[in-house]
Every structure is written in C-alpha cells, then in structure tokens.
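Now for the letters of each chain:
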Amino acid sequence: MDWQAIAVPLVLAIGAVAVLLVDSFWKSASAELRHTVVTLLTSGVILFGLVFVWAQRTDFKPAFCRTAVEGPAECSLVFEPLTAGLWAVLLVGGLGVVGLSAYRLLAADIPIGEYHFLLLSALTGATVLAGARDLATLVIALEVVSLPSFAMVALRRDRRGSEGALKAFLVSVLSTAVMLFGVSYLYGVTGSLYLSTIANRLSGLDPDLARVAFAAGLFVIVGFAFKIAAVPFHGWLPDTYVGAPVEVTAFLAVVSKSAGVAGLLVLMTSGIAPDGSHLRTVVAILAAVTMTVGNLAALRQVEAVRLLAWSSIGQVGFLLAPLAVSDAQAVVGYLAAYVVVTLGAFGAVAVVQRHRPGGRLTDYRGMVRSEPGLAAALIFFLVVLAGLPPGLAGLFTKFAAFQAVIDAHLGWLAIVMAINVMIGLAVYLRWVAELFRLPADDPFSVDIETPAVAMISVFAAVTAVVSVLPSILFALAT
C-alpha cells in the first residue's frame with residue numbers, strides 16, 4: 001500500500017477529530033476565539049490537501065491492493081490524475097464553505113466544533129469516494145458523506161431544519177437499500193466487488209446473466225441518483241435546502257453533490273458501464289429529464305434559495321450528459337466551474353438573508369443602485385450559471401458538454417440540452433432583472449462585513465480567471 005494514496009483522507013479525518021477535541025476541551029476561551037481557531041484549523045487541514053494534490057497530481061498511487069487472478073492488481077483506492085482533479089474540486093468546495101461559515105456561524109448560534117467536525121468528516125468521505133475502485137468502498141464512502149450532512153442540516157434546531165434533515169435521511173436510507181441490492185447482484189454475477197474486474201467480466205457474461213447485470217447496475221445508478229437529486233429522485237432536495245442554514249445549503253449544493261457525481265463518474269468510467277452498455281442510455285435519459293424538470297421548476301420559484309435548489313437540479317442534468325458518455329474531462333471541468341460559481345451565489349445570498357431573512361427574490365430589488373459591488377458579483381455568478389458572456393467559464397463548460405454528447409452521436413440529447421439552455425437563461429435573468437427594479441417601499445441596504453466581501457471577491461476573481469483561461473478547468477482531469 002502506498003500511504004500517499006490515502007494521505008488526504010487521513011489528514012482530513014485526523015483534522016475532524018482535532019477540531020472536535022479543541023472545541024470540547026478549550027472551554028476557557030471565548031466563543032469568538034474558539035470560532036477563529038477552529039476555522040483556521042479546518043482551513044489549514046483542507047489547504048494541506050490542496051497542496052498535496054497539486055504536488056502529486058501526475059502520479060499514480062494505489063492503496064489496499066491485492067494480486068488478481070486475472071488482469072492487473074485489484075485496488076480499493078487509487079490516486080491518479082482523475083482522482084486528483086476530483087479531490088481538487090471537492091477541497092476547493094470545502095474551503096469555500098468554511099469561508100462562508102466564518103461570516104455567519106457565530107451570529108447564527110450554531111455549535112462551531114460540531115459543525116466543523118461534521119464538515120471535515122463528510123469531506124473525508126467525499127475524497128475516499130472519488131478515489132474508490134471497489135463497490136464496498138464506494139458505498140461506505142457515500143454514507144460517510146451523507147450521514148454528517150443530515151446532522152449539519154439539523155444543527156439549527158428549528159422545525160424547518162428538522163424536517164429537511166428527516167426528509168434527507170429517509171431518502172438516503174431508501175437509496176442505500178436500493179444501491180446495496182444492486183451491488184449484491186453485481187457481485188453475484190461477476191464474483192467480484194472490484195470495478196476493474198467487474199468491467200472485464202461483464203463483456204463475457206451469457207445473455208441471461210447480462211440482463212441481471214444490467215438490472216443490478218440500474219439499481220446502483222438509481223441509488224446515486226437519489227444522492228445527487230436527479231429527477232425523479234429529487235423530491236427531498238428543495239425543502240432540505242430551504243430548511244438548512246445557508247452555509248450548510250452551500251455545502252450540500254457543492255461538496256455533497258460533487259461527491260455523488262464523482263462516485264457516479266468512477267462507476268461509469270471504471271466499472272459497470274463499458275462502451276455500448278445500455279446503462280449509458282439510461283443515464284442520458286436521466287440527464288434529459290433532470291435538466292428539464294429542474295429548470296422548469298426553477299422558473300416558478302420566488303425564493304432565492306429554493307430557486308438555487310431547483311437550478312442545481314437542472315445543473316445536475318447538464319453534468320449527467322457528458323457523464324453518460326464517460327467524458328471525464330468535460331464532467332470535471334463543468335463540476336469545477338459549478339462549484340466556484342455556486343459558492344459565490346450562496347455567498348451573496350448569505351449576505352442578503354442575514355439582513356432580510358425572508359429570502360424572496362423581491363428582497364433584491366434596488367441592489368444595483370445601493371450595493372453595486374455586491375450586485376455586480378451576483379449578476380456575474382448568475383450569468384456564468386446561465387452560460388452567457390462575460391461568464392465564459394459557464395459558456396465553455398456547457399460547450400464541452402455539448403461536444404461530448406455530439407461526439408457520442410446523441411443528437412436528441414443535444415437538442416434537449418439546447419432547449420434547457422434557453423430555459424436556464426429565463427431562470428437566471430429573471431433574478432437579474434429584480435436587481436435593477438426599484439423597490440416599492442423599503443430601499444435595499446445591507447451591512448456587508450469584511451469577511452463576506454473577501455470571500456465573495458475571491459469567488460468572483462477565481463470565476464473571472466477560469467473564464468479567461470478555461471483550459472484550467474479541463475486540465476483537472478488530465
């Protein structure tokens with residue numbers, strides 16, 4: 001075993017325990033000091049992971065391997081360029097959420113130590129999930145992501161938070177049961193849990209067992225579809241997003257969703273869906289339905305967080321499109337742009353909702369006149385999500401998704417994507433229009449504190465850089 005392959009998940013796990021111990025046994029310090037120390041410790045752990053990924057990004061390092069009877073060695077965890085790209089996206093997302101948390105958590109009366117412990121625990125599971133190469137590790141890692149996330153949703157201890165956490169938990173239990181059912185049958189027909197061995201043996205199955213393997217793979221994909229809120233397995237997401245604190249909602253939209261997409265990408269590219277598999281067609285259909293329902297529902301929303309919730313479902317559809325043809329480069333590039341821009345959008349929402357808890361789109365009226373800097377940043381993020389210039393990061397990643405689908409001769413899916421791009425424009429431009437409207441009575445005014453300005457500025461700057469140099473996004477998976 002190469003210990004470097006597990007260095008990042010291991011450090012994240014140790015950091016989670018350290019954060020909890022510091023908060024639990026350092027009661028003599030003030031709440032503000034403990035908040036600062038815990039935030040810095042969490043940020044330092046994540047930054048270590050980013051530095052390690054950058055330094056080792058071109059290496060191949062396996063872990064927990066055994067000699068296989070046929071083919072190459074079977075490994076449970078692998079660090080390779082694809083893993084490095086996914087880890088970078090996940091760690092940047094986690095670091096961005098920590099930055100947002102520094103702005104609001106103390107005022108929101110959320111237990112600091114527990115929050116950061118749960119965040120690092122979920123991030124540990126996310127990194128293991130992105131590097132997993134056997135079904136058992138995939139399932140366990142996915143649960144390590146999911147369980148802390150439910151607890152984070154309920155940290156606010158009010159009715160909406162408890163309801164959102166309960167819905168997410170019940171759906172997760174169902175999805176895990178469905179996934180394990182599929183895993184058991186895949187093991188039964190192939191005799192292995194390792195993705196490389198499963199991929200080798202699927203092509204040699206007799207027709208009857210091949211049909212069983214297809215059904216088993218379908219159950220596994222459905223399990224992941226619940227986790228990433230792909231339609232029709234999305235019903236839990238809007239209420240969970242609204243019920244959670246804004247920072248937790250950002251975590252769910254960025255880290256948790258990215259982890260689910262990463263796990264599904266690993267499955268599609270390494271194991272259960274080789275070239276010509278009907279499972280790829282299933283994922284393509286799932287992509288078309290998800291983006292259409294998500295964008296159409298987003299059109300009807302009047303609350304900012306609920307609109308972002310439904311639009312994130314639409315974005316999942318666009319992520320599933322290149323994933324259906326196993327184009328890892330397009331998936332990771334799109335995912336990276338989505339993470340940075342979504343963090344920026346939630347940062348702006350966090351600022352506004354701290355002063356206007358209602359969270360309605362009409363609360364943003366007049367922002368261009370009274371808070372032009374915040375308005376410009378929010379408009380930029382929404383334009384990138386829509387795929388319009390000057391948001392070239394969104395434009396190029398959508399173009400890459402189109403190119404992947406067209407190269408795979410899925411013209412019908414490309415047409416659905418084009419229609420949904422038009423619907424998405426209406427979704428985001430409707431919010432932009434509110435920023436320019438004059439408020440009826442209460443002029444828009446918020447007190448933007450320095451940490452919020454810093455974080456939103458960082459997200460905007462990173463988005464601007466990848467808009468000018470989009471090759472950075474697509475180099476993550478190579």
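The notes below deal with the structure included here.

Cut-offs used in this document
Each chain has its residues counted from 1, running along the sequence as written. Only residues with pLDDT of at least 70 are given local features in this predicted model, and only at 80 or more are side-chain atom pairs given and counted; all residues enter the totals for whole chains, interfaces and linings. In computing side-chain values, all of the structure's heavy atoms are included and hydrogens and water are not. Runs of E in the DSSP output that reach at least two residues are strands. Runs of H or I that reach at least four are helices, and both are numbered from the N terminus. Throughout, radius of gyration means the C-alpha value; the globule benchmark is 2.2 Å times the number of residues raised to the power 0.38. Burial status follows relative accessibility: with a 1.4 Å probe on protein chains alone, a residue under 20% of its type maximum counts as buried, one over 50% as exposed, and anything between as partly exposed. Here a residue-residue contact requires only that any non-hydrogen atoms of the pair lie within 4.5 Å. Only the protein chains shown count as cover for residues, and the accessible areas themselves come from Shrake-Rupley with a 1.4 Å probe. By the counting rule applied here, Lys and Arg register as positive and Asp and Glu as negative, while His and the ends of each chain are not counted. We put the charge of a Lys on NZ, of an Arg on CZ, of an Asp on CG and of a Glu on CD. Any pair of cysteine sulfurs within 2.5 Å is marked as a disulfide. Two rings belonging to Phe, Tyr or Trp (six-membered ring only in the last case) form a pair when the distance between their centres is within 6.5 Å. Interplanar angles under 30 degrees mark stacking, angles over 60 mark edge-to-face geometry, and anything in between is tilted. Throughout this description, the term charge over a ring refers to an Arg CZ or Lys NZ atom that lies within 6 Å of the ring centre and within 35 degrees of the ring normal. Each patch is assembled from residues with relative accessible area greater than 30% and no salt bridge, linking like charges that lie within 9 Å and nonpolar side chains (Val, Leu, Ile, Met, Phe, Trp, Tyr) that lie within 5 Å. Each reported salt bridge corresponds to a side-chain nitrogen of Lys or Arg within 4 Å of a carboxyl oxygen of Asp or Glu. Using a grid of 1 Å spacing that covers the protein atoms alone, one calls a set of points a cavity when a 1.4 Å probe fits there but cannot get out, and a pocket when the set is open and has protein on both sides within 12 Å along at least five of seven lines; lining residues are those with an atom within 4 Å of a point. Grid points are joined across faces, edges and corners, and a volume is the space filled by probe spheres set on the points. Here the term charged refers only to Asp, Glu, Lys and Arg, the term nonpolar to Ala, Val, Leu, Ile, Met, Phe, Trp, Tyr, Cys and Pro, and the term polar to all other amino acids, Gly among them.

Overview of the overall build of the chain
Inference 1: A count of helices and strands for the chain gives 19 helices and two strands.
Inference 2: Over its C-alpha trace the chain gives a radius of gyration of 22 Å, about what one expects of a compact globule, namely 23 Å for 478 residues.
Inference 3: Each principal axis of the C-alpha atoms in the chain carries an extent, and together these give about 70 × 55 × 40 Å.
Inference 4: The buried share of the chain, reckoned over its 478 residues, is 60%.
Inference 5: Taking contacts inside the chain between residues at least 6 apart in sequence as the whole, the part at least 24 apart equals 78%.
Inference 6: Carbon and sulfur atoms make up 68% of the accessible area of the chain, which amounts to about 17800 Å² in all.
Inference 7: For the chain, the centre of its 27 positive side-chain charges and the centre of its 28 negative side-chain charges are spaced 5 Å apart.

Here's the deal with the state of the cysteines
Inference 1: Under the counting rule described, the total for this entry stands at one disulfide.
Inference 2: The disulfide that involves cysteine 65 links it to cysteine 75, with 2.0 Å between the sulfurs. The sign of the 105 degrees torsion about the S-S bond sets the cysteine 65-cysteine 75 disulfide as right-handed. On the criterion of sequence distance, the pair formed by cysteine 65 in strand 1 (residues 61-66) and cysteine 75 in strand 2 (residues 74-79) is long-range, its members being 10 residues apart.
Inference 3: Residue classification places cysteine 65 among the partly exposed positions, given a relative accessible area of 38%.

Let's talk about unusual backbone geometry
Inference 1: Valine 231 connects to proline 232 through a cis peptide bond whose omega is 10 degrees.
Inference 2: Secondary-structure assignment places proline 232 in the loop between helix 8 (207-228) and helix 9 (237-243).
Inference 3: Note the cis peptide between proline 389 and proline 390, where omega equals 5 degrees.
Inference 4: Its place among the elements puts proline 390 in the loop between helix 15 (372-386) and helix 16 (392-407).
Inference 5: Its identity is not glycine, yet phenylalanine 64 carries a phi of approximately 55 degrees, on the positive side.
Inference 6: With respect to the helices, strands and loops of the structure, phenylalanine 64 is situated in strand 1.

What about the packing of aromatic side chains?
Inference 1: For the structure on display, the rule yields 10 aromatic pairs.
Inference 2: Every member of this aromatic cluster is reached through a ring pair, and the members are Phe48, Phe52, Phe79 and Trp87.
Inference 3: Seen from the ring of phenylalanine 318, lysine 398 lies directly overhead, with NZ or CZ sitting 5.0 Å from the centre.

As for a nonpolar patch on the surface
Inference 1: Taken together, Leu147, Leu166, Phe169, Leu170 and Val173 make up a surface patch of nonpolar side chains, about 460 Å² in accessible area.
Inference 2: Considering every element that reaches the nonpolar patch, the biggest residue donor is helix 6 (residues 159-190), with four residues.
Inference 3: Of note, leucine 170 is situated in helix 6.

Focus: empty space enclosed by the protein
Inference 1: Enumeration over the complete set of coordinates arrives at five cavities of 30 Å³ or more.
Inference 2: Together, 20 residues line the largest cavity, and Ser146, Phe150, Lys227, Trp236 and Ser256 are the ones closest to its centre.
Inference 3: The leading source of residues in the lining of the largest cavity is helix 5 (residues 135-153), at six residues.
Inference 4: When the residues that make up the lining of the largest cavity are grouped by side-chain class, the tally is 11 nonpolar, seven polar and two charged.

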